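Analysis of the macromolecular model
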Amino acid sequence: MTAFADQTCAALAPVSGCDLRVPLVQGGTIGYANFDYAASAPALRQVTDRVAGLLPYYASVHRGAGYASRVSTDCYESARGSVARFLNAADDQVVVFTRNTTDSLNLLAACVPGDTVVLDVEHHANLLPWTRRGRRVVAVADTIEETIQRLVAELCSKPAALLAVTGASNVTGELLPLERLAWIAHQCGTRILVDAAQLAPHRRIDLRTTGIDYLAFSGHKAYAPFGAGVLVGRRDWLDQAEPYLAGGGAVRSVTDRSVEWAPAPQRHEAGSPNVLGVAALAAACDALAELDETTVVEHERYLTHRLRYGLKTVPGVDFLHIWRDSADAVGIVAFTIEGFEPGQVAAYLSAEHGIGVRDGRFCAHPLLSRLGVDAALRASIGLGTTADDVDRLIDAIATLVDRGPAWNYARAEGHWSPVPETRPFGNSAEGAAACGF
Ligand SMILES: Cc1ncc(COP(=O)(O)O)c(C=O)c1O
């Protein structure tokens, strides 16, 4: 089995695992249909190629004089340029490498010199960090228009340092008008941060033309699953704040009584950096920048419409939406099925059909409460998704609603599993082989 098979994968771009076969509970194997891109996306071929190419040169960054160290250092530092070009960052915006979006938002939360205003529909990563410095939560309205009016009222009522909004909802995929929000925030003397964890893998973002001050996203959701993330943003707050971590690499000089901290980005990157992760992230930015945006958006729209249209014909399926007037969304479809627990449906899709979806509350508990559901299913689409995958998902749901599952399922410790479970996992010889043990 090869990791990439352009000929056999009808995907838009070659991603690892596109010809993966997975075991079924009833016996045999089937091609894996991955609908969990919003959680973690498979690696793009350009990403794994870049990492494989760098591995022989992998050595200490910043501190070594050896040739391999110099190559690794160049690779690490030039990655900032790839990210900045991908986002068309402004001259005063620095690229700080982190572990993921959560890390980036926590870093920025420690730098903000005042209150942060957020909407109540955010992922926990863009809700919880701001509580440290004064967080003001605005409840969304039924429409984006009315939600914006509420934001305006909040920003006008009392000065806020930052407006922190999601670029695309991780539950429904709906998009906010970022350029307009940036303009509004700036009129009120407020800066804007965009949590682009779900937006960056799907849409091009232009920091200069939109006026976005800070932006964070994760490599693993943007086809670079090697443990790096990024915070890009205006230098002054980052330079004035305490270093995110105190340690080597973040300083200019140290005596036994004093320390002179380096400016950003080094100021917030203490410790040995994740060179391979950063190289992977840069490769993903380069590769995504080369794709034709219209083709990517059309591919996703077509598959998303096909999925919605197909699921609409299944009795009991209900879609989740935040706003009545949202004009656009990335390839994420969240839904419930009357009479079926989302966890059981997800277990059934995996066990009997080799389809991977996400179920639960998606780290957005306030949003799920607002939408009046305890849990839901989420199917998310990416560069490797095909029309055949979509049709399989629709058929599998239709079969479930029509005839019920063909296997037994039970819930233990909060998770649904087939009973008996016949598929090999990590603790079996086949599973261990997949892990490379
Ligand atoms: C919108 C959004 N923000 C932030 C995060 C957190 O990302 P990470 O777990 O990579 O830090 C996620 C993860 O699902 C997300 O969807």
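Residues numbered from 1 in each chain as written. Predicted model: local features only at pLDDT ≥ 70, side-chain atom pairs only at ≥ 80, totals over all residues. Heavy atoms only, no water.

Taken together, the residues surrounding the ligand are N100, T101, T102, H123, A125, N170, D195, A197, Q198, S218, H220 and K221. Within the contact set of the ligand, an oxygen atom lies 3.3 Å away from a side-chain nitrogen or oxygen of H123. Here D195 contributes a side-chain N or O atom positioned 2.6 Å from a nitrogen atom of the ligand. Coverage of the ligand by the protein chains reaches 88% of its 390 Å² of free accessible surface. A breakdown of the residues in the shell around the ligand according to their chemical character gives 2 nonpolar, 8 polar and 2 charged. (Near = heavy atom within 4 Å. Polar contact = N/O pair within 3.5 Å; in protein donor to acceptor, adjacent residues only side chain to side chain. Areas by Shrake-Rupley, 256 points an atom, 1.4 Å probe, with all protein chains shown as cover. Nonpolar A, V, L, I, M, F, W, Y, C, P; charged D, E, K, R; others polar.)

What follows concerns the packing of helix α2 (residues 67–87) against helix α8 (residues 275–290). The contact between α2 and α8 brings their axes to 8 Å, and the two run at 35°. As for the relative orientation of α2 and α8, their crossing is left-handed in sense. Contact residues: α2 offers S72, C75, Y76, A79, S82, V83 and F86, while α8 offers V275, V278, A279, A282, C285, D286, L288 and A289. In the contact of α2 with α8, the residues fall into 12 nonpolar, 2 polar and 1 charged. (Axes fitted to C-alpha atoms, helices over the stretch in contact; angles between N-to-C directions. Helix = DSSP H or I, 4+ residues; strand = E, 2+ residues; numbered from the N terminus. Left-handed = near helix turned anticlockwise from the far one by under 90°. Contact = heavy atoms within 4.5 Å.)

Moving on, we come to the pairing of strand β6 (residues 135–138). Residues R136 and V138 point to one face of β6 and are all buried, whereas R135 and V137, pointing to the other face, are not buried. In terms of strand pairing, strand β5 (residues 116–119) meets β6 through 4 bridges, oriented parallel. Within the sheet, the bridge partner assigned to V118 lies in β6 and is V137. (Buried < 20%, exposed > 50% of the residue type's maximum accessible area, 1.4 Å probe, protein only. Pairing = 2+ DSSP bridges.)

So, about the sheet that holds strand β10 (residues 229–234). Whether parallel or antiparallel, the strands of a sheet pair through hydrogen bonds between backbone atoms. The strand order across the open sheet formed by 7 strands is β4-β10-β9-β8-β7-β5-β6, and the pairing between neighbours is mixed. Every other strand in the sheet has two partners, leaving β4 (93–98) and β6 as the edge strands with one partner each. With strand direction ignored, the average angle separating the axes of adjacent strands in the sheet is 20°. Of the pairings in the sheet, the one linking strand β7 (residues 162–166) to strand β8 (residues 191–195) comprises 5 bridges and is parallel in character. Within β8, the position partnered with T166 by the bridge is D195. The strands touched by α2 are β4, β9 (214–218) and β10; relative to β4, the strand with the most contacts, the crossing angle is about 120°.

What follows concerns the packing of aromatic side chains. Scanning the entire structure with this criterion turns up 4 aromatic pairs. Seen from the ring of F319, R308 lies directly overhead, with NZ or CZ sitting 5.1 Å from the centre. (Phe/Tyr/Trp six-rings, centres within 6.5 Å; stacked < 30°, edge-to-face > 60°. Lys NZ or Arg CZ within 6 Å of the ring centre and 35° of its normal.)

Counted under the stated rule, the structure contains 1 cavity of 30 Å³ or more. What lines the largest cavity is simply F86, A200, P201, H202, R203, R204, L288, L291, E293, V296 and L383. Of the residues belonging to the lining of the largest cavity, the class tally is 7 nonpolar, 1 polar and 3 charged. (1 Å grid on protein atoms, 1.4 Å probe; cavity = no way out; pocket = protein on both sides within 12 Å on 5 of 7 lines; lining within 4 Å. Points joined across faces, edges and corners; volume = space filled by probe spheres on them.)

This paragraph deals with α8. For α8, spanning 16 residues, the distance from its first C-alpha to its last is 23 Å, which sits close to the expected 22 Å at 1.5 Å a residue. Buried residues dominate α8, accounting for 13 of its 16 residues. (Expected span 1.5 Å × (residues − 1).)

This part covers the pattern of salt bridges. Within the structure shown, the criterion is met by 24 salt bridges. Two residues, R378 and D36, come together in a salt bridge whose shortest N-O distance is 3.8 Å. One end of the pair, R378, is in strand β17 (residues 376–380); the other, D36, is in the loop between β3 (33–34) and α1 (45–54), and 342 residues separate them in sequence. Overall, R378 belongs to the buried group, its relative accessible area being 3%. With a shortest N-O distance of 2.9 Å, E269 and R80 are connected by a salt bridge. Residue E269 is located in the loop between β12 (259–261) and α8, and its partner R80 is located in helix α2; the two are separated by 189 residues in the primary sequence. Classification of E269 by relative accessible area gives buried; the value is 10%. The class of R80 is buried, set by a relative accessible area of 10%. Bridged by salt links that share partners, the residues D115, R136, E154 and K158 form one connected network. (Salt bridge = Lys/Arg side-chain N within 4 Å of Asp/Glu carboxyl O.)

Here the focus is unusual backbone geometry. With the exception of glycine, the majority of residues adopt a negative phi angle, and the majority of peptide bonds are in the trans configuration. Looking along the chain, the bond that leaves A264 and enters P265 is cis, with omega of 10°. By the secondary structure assignment, P265 is in the loop between β12 and α8. P420 follows V419 through a cis peptide bond whose omega is 0°. Tracing the sequence through the fold places P420 in the loop between β19 (415–419) and α13 (429–434).

Taken N-terminus to C-terminus, the directions of α1 and α8 make an angle of 140°; their axes are 8 Å apart at the nearest point. The angle between the axes of α1 and α8 places the two elements in the oblique class. As α1 packs across α8, the resulting crossing turns out to be right-handed. For the pair α1 and α8, contact is made by Q46, V47, R50, V51 and L54 and by V275, L276, A279, A280, A282, A283, A284, D286 and A287, respectively. (Parallel < 35°, antiparallel > 145°, perpendicular 65-115°, else oblique.)

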